[in-house]
Amino acid sequence: MVLKAPGVLLVFLLACFALARRETRHEKFRRQHVDFPKTSIPDARRYCNLLMQQRNLTVDICKPSNTFIHAEPAQVDSVCTSGGTHHDENYYDSNVAFALTACRVVGGSQRPPCNYRPKLSTQRIRVACVNRVPVHYKGQA
């Protein structure tokens, strides 16, 4: 059998590659920690419960805690370059404070549905950087 449409095979292979591609560490950092503009949910508790679920942080188990940074992704990325100060190893502290929502699981919630308690603050952050972009949220600086 002779393949009459090699373009179809190429499209199929590209589609398979795209589906199999895993997110980079930087993409995972952004998915887990950057929410800009801040998702508009008036009740902070509902915000945490919804965002944790939407960002796939409660698939099999309730992630004990997670912090969302409410700033433009480029501004968060700049912590690893001109917008931050080297702390130690590959950790950098932001030069400016960011609006944050810290979500912590309530009580013994270990399996979905998960229930989170929010804490809103404005603080400097510490991130781990690889290749001049954040890949891990360490906490407040």
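Let us look at the structure shown here. For clarity, every value in this text was computed on a predicted model and none was experimentally measured. Sequence order as written defines the numbering, with residues in each chain counted from 1. Per-residue local features of the predicted model are confined to residues with pLDDT of at least 70, and side-chain atom pairs are confined, for both listing and counting, to 80 or more; whole-chain, interface and lining totals are unaffected and use all residues. Note that the side-chain values use all heavy atoms of the structure and ignore hydrogens as well as water.

**Regarding the layout of surface pockets**
Going by this rule: Whether a set of points on the 1 Å grid over the protein atoms alone is a cavity depends on a 1.4 Å probe fitting there but being unable to get out, while an open set qualifies as a pocket with protein on both sides within 12 Å along at least five of seven lines; lining residues are those with an atom within 4 Å of a point. Grid points are joined across faces, edges and corners, and a volume is the space filled by probe spheres set on the points. Put simply, DSSP marks the helices as runs of H or I at least four residues long and the strands as runs of E at least two long, and each gets a number from the N terminus on. Polarity classes work like this: nonpolar for Ala, Val, Leu, Ile, Met, Phe, Trp, Tyr, Cys and Pro, charged for Asp, Glu, Lys and Arg, and polar for all others, with Gly in that last group.
In this structure, the largest pocket spans a volume of roughly 240 Å³. Considering the residues around the largest pocket, the lining is formed by 15 residues, among which Thr67, Ala102, Arg104, Tyr137 and Gln140 are closest to the centre. The dominant element in the lining of the largest pocket, judged by the number of residues it contributes, is strand S4 (residues 98-105), at four residues. Looking at the lining of the largest pocket residue by residue, the classes come out as four nonpolar, eight polar and three charged.

**Concerning the sheet that holds strand S1 (residues 65-69)**
Picture the strands of a sheet paired through backbone hydrogen bonds; they go either parallel or antiparallel. This is how the line gets drawn: For two strands to pair, DSSP has to find at least two bridges joining them. Each axis is a line fitted through C-alpha atoms, taken for helices only over the stretch in contact, and angles between the N-to-C directions span 0 to 180 degrees. Residue contacts are defined here by distance: any two heavy atoms, one from each residue, within 4.5 Å place the two residues in contact.
Strand order in the open sheet formed by three strands is S1-S4-S5, and the pairing between neighbours is antiparallel. Looking along the sheet, the strands with just one partner apiece sit at the ends: S1 and strand S5 (116-123). Recorded for the sheet is a direction-independent mean angle of 20° between the axes of neighbouring strands. Sheet strands in contact with helix H3 (residues 44-54) are S1, S4 and S5, and its direction is about 100° off that of S5.

**Focus on the state of the cysteines**
Rules: To count as a disulfide, a pair of cysteine sulfur atoms needs to be within 2.5 Å. Per-residue accessibility, obtained with a 1.4 Å probe over protein chains only, is compared with the maximum for each type, and a residue is labelled buried under 20%, exposed over 50%, and partly exposed between these values.
Tallied over the full model, the rule gives three disulfides. With a sulfur-sulfur separation of 2.1 Å, Cys48 is cross-linked through a disulfide to Cys103. The disulfide joining Cys48 to Cys103 has a torsion of about -80° about its S-S bond and is therefore left-handed. A residue pair is termed long-range when its members are at least 10 positions apart, and Cys48 in helix H3 and Cys103 in strand S4 qualify at 55 residues. For the pair Cys48 and Cys103, one class covers both residues: buried. One disulfide in the model links Cys80 with Cys129; its S-S distance is 2.0 Å. Disulfide Cys80-Cys129: the torsion about the S-S bond is -80°, which places it as left-handed. On the criterion of sequence distance, the pair formed by Cys80 in the loop between helix H4 (73-77) and strand S2 (84-88) and Cys129 in strand S6 (residues 125-130) is long-range, its members being 49 residues apart. Of the two residues, Cys80 and Cys129, neither departs from the other in class, the shared state being buried. Each bonded cysteine in the protein gets a number by its place in the sequence, and the pairs come out as 1-4, 2-5, 3-6.

**Structural notes on the pairing of S6**
Within S6, five of the six residues are buried, which leaves the element mostly enclosed by the surrounding structure. Of the strand pairs in this sheet, strand S3 (residues 91-94) and S6 are connected by three bridges, and their pairing is antiparallel. Across the sheet, residue Tyr92 finds its bridge partner in S6, namely Val127. Bridge count for S6 against strand S7 (residues 133-140) is six bridges, and the pairing is antiparallel. In the strand pairing of S7, Val130 is matched with Val133.

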